[in-house]
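One letter stands for each residue in the lines below.
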Amino acid sequence: IRRDPADPRSASFVAQGRVRLLGGFAGNESDESERDPQAHHTVLSGDLLGDDAVPTDDPEEHRQDNAYTILQGALGVDLTLDGIELTGGSNDLGSSAAAALDLPENATLTCRNSVIHDNHGQGRSSAVRVVGSSTWLQCTFERNQTSGISAGSAHGASSLFSEGPVVIERSVFRDNTTSGAAGVGYLREGPITVRDSEFVDNHAEGPGGALWIEGAEVRIERSEFTANHGDSGGALLLVGSAATVLR
């Protein structure tokens, strides 16, 4: 759907009601269990002109024509992503809408075996925003970036802005950056559970090199935080939150 007929960048995929997006098909399967997301990539891209991979001295040059948001959800959407790649979203409007995946109030998200990478937000925009509950299983967030926001603002999280219950399992967050706070994610309200996951080489100019968690009960099990950087809370910043950490 193109929300502004005069602006190609306003085009997005839109999910309404209960939706399952399954990737990994070659086209000759008779059942969804036969698909292989590792061998057959299913990509939803915001790179409208297909030029993001063209060498340039200025990475911004090729992002200026990308879609603001790749995939949006309607109110109350129940969305499953399995074997999907989201890349090339570039929200430079300064709004809170996410560049890759934006789900509004009362959303439910289950994301498996999926990769969210190389998306760019400006100001308050992250790669993903979920206002509702989300579950992430064997997912990868990589090289997402937010710029143009002050170092003290958690609304500049590069990869994940969440208001609601979150479960993260067997997932990897690597090389995500923000000029604000929360190099990977700003998570609030919860409860929040992180299991068997890795946070590596994420960077925030402000607090919370990997995660800023606010007003939530937190349980972290068997997860690694390595070489993350923030001006305080290099790996994890807890604000009004109670945490249980099990190694």
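To keep things clear, this report deals only with the structure shown in the data block. For clarity, every value in this text was computed on a predicted model and none was experimentally measured.

1. Focus on the overall build of the chain
- When helices and strands are tallied, the chain shows one helix and 24 strands.
- On C-alpha atoms alone, the chain measures out to a radius of gyration of 17 Å, which is about the 18 Å that the 2.2 N^0.38 rule sets for 247 residues.
- Expressed along its principal axes, the backbone C-alpha trace of the chain runs to roughly 45 × 45 × 35 Å.
- Total accessible area on the chain is roughly 10,800 Å²; 47% of this is exposed by carbon and sulfur atoms.
- Computed over 18 positive and 36 negative side-chain charges, the inter-centroid distance for the chain is 7 Å.

2. Observations concerning the nonpolar core
- Counting residues in each nonpolar core, the largest one holds 38 residues, and the members touching the most others are Leu-79, Leu-81, Leu-86, Leu-101, Leu-109, Val-128 and Trp-136.
- Counting residues per element, the ones that place at least two in this core are strand S5 (78–82), strand S8 (101–112), strand S11 (128–137), strand S14 (160–169), strand S17 (185–195), strand S20 (211–214) and strand S21 (217–221).
- At five residues, S8 tops the list of elements feeding residues into this core.
- Within the second largest apolar cluster, seven residues are counted, among which are Ala-157, Phe-161, Ala-181 and Leu-237.

3. Focus on the sheet that holds strand S7 (residues 90–91)
- Pairing in this open sheet of five strands is parallel, and the strands run S7-S10-S13-S16-S19 from one edge to the other. Either end of the sheet is taken by a strand with one partner, and the two such strands are S7 and strand S19 (203–204).
- The sheet contact formed by strand S13 (residues 145–147) and strand S16 (residues 177–178) spans two bridges and is parallel. Note on S16: the bridge partner recorded for Thr-146 is Thr-178.

4. Side note on the packing of aromatic side chains
- Throughout the structure, instances matching the rule amount to six aromatic pairs.
- For the pair Phe-173 and Phe-199, a centre-to-centre distance of 4.7 Å together with 0° between the ring planes defines the contact as stacked. On the criterion of sequence distance, the pair formed by Phe-173 in strand S15 (residues 172–174) and Phe-199 in strand S18 (residues 198–200) is long-range, its members being 26 residues apart.
- With relative accessibility at 1%, the residue Phe-173 sits in the buried group.
- Judged by its relative accessible area of 0%, Phe-199 falls in the buried class.

Each value, and the rule that gives it
Residues numbered from 1 in each chain as written. Predicted model: local features only at pLDDT ≥ 70, side-chain atom pairs only at ≥ 80, totals over all residues. Heavy atoms only, no water. Helix = DSSP H or I, 4+ residues; strand = E, 2+ residues; numbered from the N terminus. Rg over C-alpha atoms; globule rule 2.2 N^0.38 Å. Areas by Shrake-Rupley, 256 points an atom, 1.4 Å probe, with all protein chains shown as cover. Lys, Arg positive; Asp, Glu negative; His and termini not counted. Charge placed at Lys NZ, Arg CZ, Asp CG, Glu CD. Core = buried A, V, L, I, M, F, W, Y, C linked by side-chain atoms within 4.5 Å. Buried < 20%, exposed > 50% of the residue type's maximum accessible area, 1.4 Å probe, protein only. Pairing = 2+ DSSP bridges. Phe/Tyr/Trp six-rings, centres within 6.5 Å; stacked < 30°, edge-to-face > 60°.

Distances and angles like these do not, on their own, reveal function.
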